[in-house]
Amino acid sequence: MNAIGGRTATEALAGLSDMTLNAQAIGLEEHQARIQKACAYMQAKGIDALYLNAGTNLSYFTGLDWYPSERLVGALLRQSGELCYLVPHFEIDSIRERLLLEAPLHGWHEHESPYALLASKVAGKVLAIDESTAFFVADGIQKAAPGLSIINGGEVSAHCRMHKSAAEIALIQTAMDMTIAVHKAAASILYEGISTTEVERFINQAHQKVGASGSYFCIVLFGKATSFPHGVKDPQLLKKGDLVLIDTGCKVKGYLSDITRTYGFGDVGDKARAIWASEKKAQLAAFAAAQVGQPCGDVDAAARASLVEDGLGPDYNLPGLPHRTGHGLGMDIHEWPYLVKDNPLPLAPGMVFSNEPMIVLPGEFGVRLEDHFYMTEQGPRWFTEPANSIDSPFGP
């Protein structure tokens, strides 16, 4: 379905169904392999232990989903492969029933120092701390064990997480398929006078209908507001001749989607059409430059060179592209690696990227087309096909 408008929200929702029935969560063996890969890296780099704080990295490596708070909850992984969990004593039973990787649980009472407990389990001098850990935790560990050399654990997690497995790619593909179906449904309910709030509410319901808990995030912009990459504070009402920009995604068994479409509601004029064409051209130039072994920065350079050919930019100058061309994606919406100027990291199989060289014309409008691709031995492969045209974004 390619039409813009013409259906009610009820009709559009009726056309959607659960798309998660065949989605398989990451299993025990893959989590064990992740632990082994992290340990091999730590051994090679002289890192004695890695602290994984509640949040994405704890979930990625151990399968334990828990939320970060003022109480330390996490896991300590030694380079030898020994794993233990550090948790508030009163949470032990709640956490034990959620464990995928079995390991000792060390509890601490409210009057005790969890930082001293953690430090006592390191068995070495170099501790890498999960890069998402709050400062007060890192500070507490350093004060409890001033002899420890504390480093950024991001190098370990990035080394492991930036190369997706076939199972991870499959989950991301499912999430992307769901979100593109939601995009098509959202386009079909547009009418003059509809509010961005109403569209956002529909998109959340549509994500639920295809099997997600709802939208992981949602940005809906009309007209001039499309020139603000991440939106404006007030809702807008749709008018004939407006550009529509919708950026949204969902989560499936821990893995995310993130797709943006920009298209016209009625006749948007020649200028918007020309900029839309430049945006698609830059997106395709970035895709073509994404070849195994080439630097990530070359992809960003290709997109910007395409824009310069069309009289936009250069660099971050406006009208043009105000941000990097793309970001990694997996369990976090933005993660390593990044398609940004001068990034020397070579592209490798398993890497996943957004491709979104947005064009902003300040005070007028913006155009962002965002699809993701993943690297194979043969080169890049789209999760979703790029937009077709400004009038018919989802097909001929």
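Predicted model, so just to flag it, every value in this text is computed and none were measured. Counting restarts for each chain, with residues numbered from 1 along the sequence as it is written. Owing to the predicted nature of the model, reporting of local features is limited to residues with pLDDT of at least 70; listing and counting of side-chain atom pairs is limited to 80 or more, with chain, interface and lining totals taken over all residues. Excluding hydrogens and water, the side-chain figures rest on all heavy atoms present in the structure.

Trainee: Could you give me a rundown of empty space enclosed by the protein, with the residues and numbers involved?
Mentor: Cavity and pocket criteria rest on a 1 Å grid covering protein atoms alone: a 1.4 Å probe that fits but cannot get out defines a cavity, protein on both sides within 12 Å along at least 5 of 7 lines defines an open pocket, and an atom within 4 Å of a point defines a lining residue. Grid points are joined across faces, edges and corners, and a volume is the space filled by probe spheres set on the points. Taken as a whole and assessed by the stated rule, the structure comprises one cavity of 30 Å³ or more. Size it by volume and the largest cavity reaches roughly 30 Å³. Taken together, Arg304, Leu307, Val308, Leu312, Gly313, Pro314, Asp315, Gly320 and Leu321 form the lining of the largest cavity. Here the nonpolar group is Ala, Val, Leu, Ile, Met, Phe, Trp, Tyr, Cys and Pro; Asp, Glu, Lys and Arg are the charged ones; every other residue, Gly included, is treated as polar. Split by residue class, the lining of the largest cavity holds five nonpolar, two polar and two charged.

Trainee: With reference to specific residues and values, describe the nonpolar core.
Mentor: Core analysis: the largest hydrophobic core is formed by 74 residues, its most contacted members being Tyr85 and Phe202. In DSSP terms, a helix is any run of H or I states spanning at least four residues, a strand is any run of E spanning at least two, and both are numbered starting from the N terminus. If one sorts the elements of this core by residue count, helix α8 (residues 166-188) sits on top with 12 residues. Any two residues whose heavy atoms approach within 4.5 Å at even a single point are treated as in contact. The residues touching Phe202, leaving out its near neighbours within four places in the chain, are Ala9, Ala12, Leu13, Ala185, Ala186 and Ile189. Side-chain atoms within 4.5 Å link the members of a nonpolar core, which is a set of buried Ala, Val, Leu, Ile, Met, Phe, Trp, Tyr and Cys residues. Each residue gets one of three labels from its accessible area relative to the maximum for its type: buried under 20%, exposed over 50%, partly exposed in between, using a 1.4 Å probe on protein chains only.

Trainee: Run through the sheet that holds strand β8 (residues 242-249), naming residues and quoting values.
Mentor: A sheet is described by the order of its strands in space; here three strands give the open sequence β7-β8-β11, paired in antiparallel fashion. Of all strands in the sheet, those with a lone pairing partner are β7 (217-222) and β11 (259-265), marking the two edges. Averaged over all pairs of adjacent strands, the angle between strand axes in this sheet comes to 10 degrees, irrespective of strand direction. Strand pairing requires that DSSP identify at least two bridges connecting the strands. Two strands pair when backbone bridges link them, and β7 and β8 are joined in this way by six bridges, in the antiparallel orientation. Bridge pairing in β8 places Cys218 opposite Thr248. Between the N-to-C directions of two axes lies an angle of 0 to 180 degrees, each axis being a line fitted to C-alpha atoms and, for a helix, fitted only over the stretch in contact. In the packing of α8 onto the sheet, the strands contacted are β8 and β11, and the crossing angle to β11 comes to about 15 degrees. Sheet contacts for helix α9 (residues 196-209): β7 and β8; angle to β7, the most-contacted strand, approximately 145 degrees.

Trainee: Outline the packing of helix α2 (residues 28-45) against helix α7 (residues 154-161), listing residues and values.
Mentor: Where α2 contacts α7, the axes come no closer than 10 Å and their chain directions differ by 135 degrees. With respect to α7, the element α2 is oriented oblique. Read as a crossing pair, α2 and α7 show a hand that is right-handed. Of the residues in α7, those in contact with Arg34, Lys37, Ala38, Tyr41, Met42 and Lys45 of α2 are Glu155, Val156, His159 and Cys160. When the residues that make up the contact of α2 with α7 are grouped by side-chain class, the tally is five nonpolar, one polar and four charged. Note on terminology: angles under 35 degrees are roughly parallel, angles over 145 are roughly antiparallel, angles of 65 to 115 are roughly perpendicular, and the others are oblique. A crossing counts as left-handed when the near helix is turned anticlockwise from the far one by less than a right angle, and as right-handed when that turn is clockwise.

Trainee: An account of the packing of α8 against α9 is needed here, citing residue identities and associated values.
Mentor: Running from amino to carboxyl end, α8 crosses α9 at an angle of 140 degrees, the nearest separation of the two axes being 9 Å. Classified by the angle between their axes, α8 and α9 sit oblique to one another. Judged by the twist between their axes, the crossing of α8 over α9 is right-handed. The residues of α9 that touch α8, namely those facing Thr179, Val182, Ala185 and Ala186, are Phe202, Ile203, Ala206 and His207. Its residues placed into classes, the contact of α8 with α9 shows six nonpolar, two polar and no charged.

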